[in-house]
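Next come the chains, spelled out residue by residue.
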Amino acid sequence: MILALHIVDFYTDFPNWLRAFLEYLEHERDASPKTIEAYEGDLVDLYRILRTERLVLTGTHDDLKVLRRYLAVLADQRTAGNARMKASSIGRKLAAVRSFAKFLVKRGTFEFNAARLLKTPKAEKRLPNVVSKQAMNEVLSREDHPPASSTMRPSLERRGSVATEAISASSGTEFLRF
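Residues numbered from 1 in each chain as written. Predicted model: local features only at pLDDT ≥ 70, side-chain atom pairs only at ≥ 80, totals over all residues. Heavy atoms only, no water.

**Student:** Please explain the overall build of the chain as it appears in this structure.
**Tutor:** Across its full length, the chain holds six helices and zero strands. Beginning at the N terminus, the succession of helices and strands in the chain can be written as α-α-α-α-α-α. Expressed as a percentage of the 178 residues in the chain, the buried residues total 30%. Taking all contacts inside the chain whose residues are at least 6 apart in sequence as the whole, residues at least 24 apart take part in 63%. Total accessible area on the chain is roughly 12,300 Å²; 55% of this is exposed by carbon and sulfur atoms. (Helix = DSSP H or I, 4+ residues; strand = E, 2+ residues; numbered from the N terminus. Buried < 20%, exposed > 50% of the residue type's maximum accessible area, 1.4 Å probe, protein only. Contact = heavy atoms within 4.5 Å. Areas by Shrake-Rupley, 256 points an atom, 1.4 Å probe, with all protein chains shown as cover.)

**Student:** I keep staring at the nonpolar core and nothing clicks. Help me out?
**Tutor:** Grouped together as the largest cluster of nonpolar side chains are 39 residues, with contacts concentrated most on Phe14, Phe21, Leu43 and Leu46. For this core, the secondary-structure elements that each account for two or more residues are helix 1 (2-27), helix 2 (33-53), helix 3 (63-76) and helix 4 (87-107). Apart from the residues within four sequence positions on either side, Leu43 is in contact with Phe14, Leu18, Phe21, Ala96, Val97 and Phe100. (Core = buried A, V, L, I, M, F, W, Y, C linked by side-chain atoms within 4.5 Å.)

**Student:** Sorry, what's going on with the side chain of Ser132 here?
**Tutor:** Residue position: Ser132 is located in the loop between helix 4 and helix 5 (133-140). Residue Ser132 is classed as buried on the basis of its relative accessible area of 9%. A polar side-chain atom of Ser132 sits 3.1 Å from the main-chain amide nitrogen of Ala135. (Polar contact = N/O pair within 3.5 Å; in protein donor to acceptor, adjacent residues only side chain to side chain.)

**Student:** How do you make sense of the packing of aromatic side chains when you look at a structure like this?
**Tutor:** Between two aromatic rings, the relevant description is the distance of the centres plus the angle of the planes. The final tally for this structure, using the stated rule, is twelve aromatic pairs. When the centroid spacing of 6.3 Å and the interplanar angle of 25° are considered together, the rings of Phe21 and Tyr24 count as stacked. Pair noted here: Phe21 and Tyr24 are both in helix 1, with a separation of three residues, about one helical turn. For Tyr24, a relative accessible area of 17% puts it in the buried group. Between the aromatic rings of Phe21 and Tyr39, the centroid separation amounts to 6.0 Å while the plane-to-plane angle is 40°, which identifies the pairing as tilted. Taken together, the positions of Phe21 in helix 1 and Tyr39 in helix 2 put the pair 18 residues apart, joining distant regions of the chain. Aromatic ring contacts, followed pair by pair, group Phe10, Tyr11, Phe14, Trp17, Phe21, Tyr24, Tyr39, Tyr47, Phe100, Phe103 and Phe110 into a single cluster. The ring of Tyr11 carries Arg51 above its face, with NZ or CZ at 4.6 Å from the centroid. (Phe/Tyr/Trp six-rings, centres within 6.5 Å; stacked < 30°, edge-to-face > 60°. Lys NZ or Arg CZ within 6 Å of the ring centre and 35° of its normal.)

**Student:** What is the right way to read the packing of helix 2 against helix 3 from this model?
**Tutor:** Pairs of packed helices are described in terms of their axes, by the angle between the two and the distance that separates them. The contact between helix 2 and helix 3 brings their axes to 10 Å, and the two run at 105°. Our classification of the angle between helix 2 and helix 3 gives roughly perpendicular. Packed against helix 2, whose contacting residues are Asp42, Leu46, Ile49, Leu50 and Glu53, the element helix 3 presents Val66, Leu67, Arg69, Tyr70, Val73 and Leu74 at the interface. (Axes fitted to C-alpha atoms, helices over the stretch in contact; angles between N-to-C directions. Parallel < 35°, antiparallel > 145°, perpendicular 65-115°, else oblique.)

**Student:** What is the right way to look at unusual backbone geometry in this model?
**Tutor:** Most peptide bonds are trans, and most residues other than glycine sit at a negative phi. Although it is not a glycine, Asp30 sits at a positive phi angle of roughly 55°. Despite not being glycine, Arg54 shows a phi value in the positive range, around 60°. Along the chain, Arg54 falls in the loop between helix 2 and helix 3. Judged by its relative accessible area of 69%, Arg54 falls in the exposed class.

Here you go:
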């Protein structure tokens, strides 16, 4: 019976906590309107997921299990294009939850911020765009660019201009992306 009352309190109190947190961001932290909007969206998502999963935050170490489940749900969510949510998006949402829980601890609503114990998911590593072999050969074979000296070490100025021309000469489709 006590658990049921606690669940009702969490779901009832959450909107008030959220409103106080957003006001804190605006007035005390001087956050931009876009930041406040992003935090609000991320925390409303937290609320919806917890409600759907029938989970509550209690401000104790037990919240660690709840927040791990929240992260698992986020990781399984699909976008409109059926792609999984990016690690960077999950990391942003987790940052909002951490700040919110920290605020609730400072305010005395929570005793413990379990969100600070969670590691941010590693972001995907992307390879840089590279100039295609064909575009580089076209630039290097132009007559207005003499071949490199016999030591094969073109000057820094020449290297910069060759790279700039290679990039300019190639269209977006000639760049390789792995």
